[in-house]
Amino acid sequence: MTDYGEEQRNELEALESIYPDSFTVLSENPPSFTITVTSEAGENDETVQTTLKFTYSEKYPDEAPLYEIFSQENLEDNDVSDILKLLALQAEENLGMVMIFTLVTAVQEKLNEIVDQIKTRREEEKKQREKEAEEAEKQLFHGTPVTIENFLNWKAKFDAELLEIKKKRMKEEEQAGKNKLSGKQLFETDHNLDTSDIQFLEDAGNNVEVDESLFQEMDDLELEDDEGYPDYNPADPESDSTD
């Protein structure tokens, strides 16, 4: 008769020795424990990690242990699903013998594959971005190929814009003509124009001053009387002021 309890205790001692830093006992009845599994470092020292929880069934190892993903880091949902499928397959293949070390080793290898897949996926994404950038640059350099269809579309749009500009300009010129005043209208509406010339001269400093003394000195001039010339007739150009 198989002593399941003894086999389970012996495996627990071995697991604690193999995984001293990641093995944690959760309960003794039923025996339940966790083992944390970490992948090898990938690009930029990135790793993925999962903590597996195992619980022995009463007849383990003739029955598969209960297992679940207790926690995880950097794993996608599909990665978690793949790990659970892997555990189910390995448990089925190893019925009848202690299997925790085998299950953990299989998960360890799977995590390493996932890290490699992450690296490959990132390289492909980088190549795709570079390809898209190159295509965008080519498109910018070569421009859009001219076809009859896109040329006619451009021509129609250009003509419509040009017509709109002409209409706007004509409207502005017409409005400007209506608002323009004649010289007479300006003079009648702006009374400042009455004194604008005088103000202009004053602002320019061109003040006109009359020297009245010049007119006073004219009284001192000796002007001969026309009576000394009896024959002088201002209305007759042939008259002579002298004999």
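Note that the structure is a prediction, hence the values are computed from the model and not measured.

So, on to the overall build of the chain. Assigned secondary structure in the chain consists of seven helices and four strands. Element order for the chain, N to C, with α for helix and β for strand: α-β-β-β-β-α-α-α-α-α-α. Looking at the chain as a whole, 20% of its 243 residues are labelled buried. A fraction of 48% describes how many contacts in the chain between residues 6 or more apart in sequence connect residues 24 or more apart.

Another point: the sheet that holds strand 4 (residues 66-73). With antiparallel pairing, four strands are arranged side by side in an open sheet as 1-2-3-4. Looking along the sheet, the strands with just one partner apiece sit at the ends: strand 1 (23-28) and strand 4. Neighbour to neighbour, the strand axes of the sheet diverge by 20 degrees on average, direction disregarded. Judged from the five bridges that link them, strand 1 and strand 2 (residues 31-38) form a sheet pairing that is antiparallel. Looking at strand 2, one finds that Thr24 is bridged to Thr34.

The terminal C-alpha atoms of helix 2 (residues 77-93), which comprises 17 residues, lie 25 Å apart, in line with the 24 Å expected from a rise of 1.5 Å per residue. Every buried residue of helix 2 is listed here: Asp79, Val80, Ile83, Leu86, Leu87, Gln90 and Ala91. The buried residues of helix 2 occupy an angular sector of 130 degrees when the element is viewed end-on, so they sit on one face. In helix 2, the exposed positions angled more than 90 degrees off the buried face are occupied by Asp77, Lys85, Glu92 and Glu93.

Let us look at the packing of aromatic side chains. Per the stated rule, a full pass over the model turns up seven aromatic pairs. Judged by centre distance (5.8 Å) and plane angle (35 degrees), the ring pair of Phe33 and Phe54 falls under tilted. With Phe33 in strand 2 and Phe54 in strand 3 (residues 49-55), this residue pair connects regions lying 21 residues apart in the sequence. By the ring-pair criterion, three or more aromatic residues cluster together here, those being Phe23, Phe33, Phe54, Tyr56 and Tyr60.

Looking now at the side chain of Ser57. Residue placement: Ser57 occurs in the loop between strand 3 and strand 4. For Ser57, a relative accessible area of 14% corresponds to the buried category. A distance of 3.2 Å separates polar atoms of two side chains, one belonging to Ser57 and the other to Glu63. With residues near it in sequence (within four places) discarded, Ser57 still touches Gln8, Glu63 and Ala64.

This part covers the environment of Leu95. Mapped onto the fold, Leu95 is located in the loop between helix 2 and helix 3 (100-142). Of the residues examined, Leu95 reaches a relative accessible area of 37% and is grouped as partly exposed. Residues Leu95 and Ala64, spaced 31 residues apart in sequence, show a C-alpha to C-alpha distance of 6.5 Å.

A separate point is unusual backbone geometry. Across the junction of Asn29 and Pro30, the peptide omega takes the value 0 degrees, indicating a cis bond. Turning to its location among the elements, Pro30 is positioned in the loop between strand 1 and strand 2. Here the amide bond leading from Tyr60 into Pro61 is cis, since omega sits at 15 degrees, within 30 degrees of zero. Along the chain, Pro61 falls in the loop between strand 3 and strand 4. The phi dihedral of Asn74 falls on the positive side, at around 65 degrees, and the residue is not glycine.

Time to look at the environment of Val115. As for its placement among the helices and strands, Val115 is situated in helix 3. A C-alpha to C-alpha distance of 6.7 Å links Val115 and Thr47, two positions 68 residues apart in sequence.

Next up on the list: a nonpolar patch on the surface. Residues Val146, Ile148, Phe151, Leu152, Trp154, Phe158 and Leu162 make up a contiguous nonpolar surface patch of about 750 Å² in total accessible area. Residue position: Phe151 is located in helix 4 (residues 148-179).

Rules and cut-offs
Residues numbered from 1 in each chain as written. Predicted model: local features only at pLDDT ≥ 70, side-chain atom pairs only at ≥ 80, totals over all residues. Heavy atoms only, no water. Helix = DSSP H or I, 4+ residues; strand = E, 2+ residues; numbered from the N terminus. Buried < 20%, exposed > 50% of the residue type's maximum accessible area, 1.4 Å probe, protein only. Contact = heavy atoms within 4.5 Å. Pairing = 2+ DSSP bridges. Axes fitted to C-alpha atoms, helices over the stretch in contact; angles between N-to-C directions. Expected span 1.5 Å × (residues − 1). Arc of directions from axis to C-beta. Phe/Tyr/Trp six-rings, centres within 6.5 Å; stacked < 30°, edge-to-face > 60°. Polar contact = N/O pair within 3.5 Å; in protein donor to acceptor, adjacent residues only side chain to side chain. Patch = residues over 30% accessible without salt bridge, like charges linked within 9 Å, V, L, I, M, F, W, Y side chains within 5 Å. Areas by Shrake-Rupley, 256 points an atom, 1.4 Å probe, with all protein chains shown as cover. Salt bridge = Lys/Arg side-chain N within 4 Å of Asp/Glu carboxyl O.

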